[in-house]
Amino acid sequence: MMVMIMMQDGSYLAEFLLEKGYEVHGILRRSSSFNTGRIEHLYQNPQTHTEGKDGITGGHMKLHYGDLTDSTCLVKIINQVKPTEIYNLGAQSHVKISFELAEYTANVDGVGTLRLLDAIKTCGLTNSVKFYQASTSELYGKVQEIPQKETTPFYPRSPYGAAKLYAYWIVVNFREAYNLFAVNGILFNHESPRRGANFVTRKISRSVAKIHLGQLESFSLGNLDSKRDWGHAKDYVEAMWLMLQQEEPEDLVIATGEVHSVREFVEKSFKHVGKTIVWEGKDENEVGRCQETGVIHVKVDSKYYRPTEVEYLQGDSTKALTKLGWKAKITFEELVKEMVDADIHLMKNNPNA
């Protein structure tokens, strides 16, 4: 089994699969910084990882240097490992950044998926591999119906969404052209304490933790009224696995069906540390003030707005419930509390984290 392992989802999926007795092979992108923080606990555990000669291979979990922009290395790794399941979770996954890095995003998120599929074909594994593609609710963008389900028309509103649209359809094409077991999991927003620091939910939980500890007074956000269907990454990796355990490949929406605004995420986060946020002003002049102390903790900055905004995402995962027996277990409130608590712990130990 092979998985793009370094991101939030990859670390939870690796844990999930190791518990099931899988041998997990992760692809690690070469970076000038040591970017294995989310999986350190796995390869420091002698039961899941033993150090190999090259320093990055191990027992039940083995890491390989690779990159979705390098087709040769993908062919080499797949030919060496001969995996039975491949989970493509690798991407430049930040929507706002995709406007700045549009070509790179297309290369990794779009053509990168094609390179993986082509590598499977080149290695003669189309009949033995099951392939999971991390698809996204950003495909729906300017939503054509509410809630969004498998048959809802796509209308991406970012280079990220457009790149993922190519990936979605090339997966469908390889499934139909070569009879490859390949599926798209159209996952709506899923968060956790392992979420990258530049994603809005983690930015909120980190900032609230710092304010609670007296390390920060205020922070700035973009569109407070963006509404998202937020779940927990731990729940969603189980859905990925379940999709590959089916008899027939099928694309499915994975979501909670609940919608909350960025504003609400802020309010719930502060409430967890005993602060009530009261909103004053309008648009870019809006601020969030602490009712108890009168201190302004939240500001709005237009630099965080996207050129084209996705206002409202709400998933209908009825089909996933019917086909997989899957539904989200962790509530929005539990997710917010877990993220804030984890960041309070983090900032206590390392205020510069």
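Use the structure listed above.
Notes on the structure follow.

So, how was this worked out
- Residues numbered from 1 in each chain as written.
- Predicted model: local features only at pLDDT ≥ 70, side-chain atom pairs only at ≥ 80, totals over all residues.
- Heavy atoms only, no water.
- Helix = DSSP H or I, 4+ residues; strand = E, 2+ residues; numbered from the N terminus.
- Core = buried A, V, L, I, M, F, W, Y, C linked by side-chain atoms within 4.5 Å.
- Buried < 20%, exposed > 50% of the residue type's maximum accessible area, 1.4 Å probe, protein only.
- Contact = heavy atoms within 4.5 Å.
- Pairing = 2+ DSSP bridges.
- Axes fitted to C-alpha atoms, helices over the stretch in contact; angles between N-to-C directions.

This paragraph deals with unusual backbone geometry. Most peptide bonds adopt trans geometry, and most residues besides glycine take a negative phi value. A cis amide bond, omega -10°, links I146 with the succeeding residue P147. Counting through the fold element by element, P147 comes out in the loop between strand 5 (130–136) and helix 6 (159–178). Not every positive phi belongs to a glycine, and N179 is a case in point at roughly 60°. Checked against the element boundaries, N179 lands in the loop between helix 6 and strand 6 (181–187).

In terms of nonpolar packing, the biggest core is built from 31 residues, with L17, Y87, Y132, M240, I254, L324 and W326 touching the most fellow members. Of all the elements in the fold, those that place two or more residues in this core are helix 1 (8–19), strand 3 (61–65), strand 5, strand 6, helix 8 (233–244), strand 11 (252–254) and helix 10 (318–324). It is helix 8 that contributes the most residues to this core, nine residues altogether. Not counting the four nearest positions on each side in its chain, I254 is found in contact with I186, L187, F188, Y236, A239, S317, A320, L324 and W326.

On to the sheet that holds strand 14 (residues 287–290). Here four strands make up an open sheet; going across it, the order is 8-15-14-13 and the pairing mixed. Of all strands in the sheet, those bounded by a partner on one side alone are strand 8 (219–221) and strand 13 (277–280). The average undirected angle you get between the axes of adjacent strands in this sheet is 25°. Here four bridges tie strand 13 to strand 14, and the two strands are oriented antiparallel to one another. Residue I277 lies in a different strand from strand 14, and its bridge partner there is C290.

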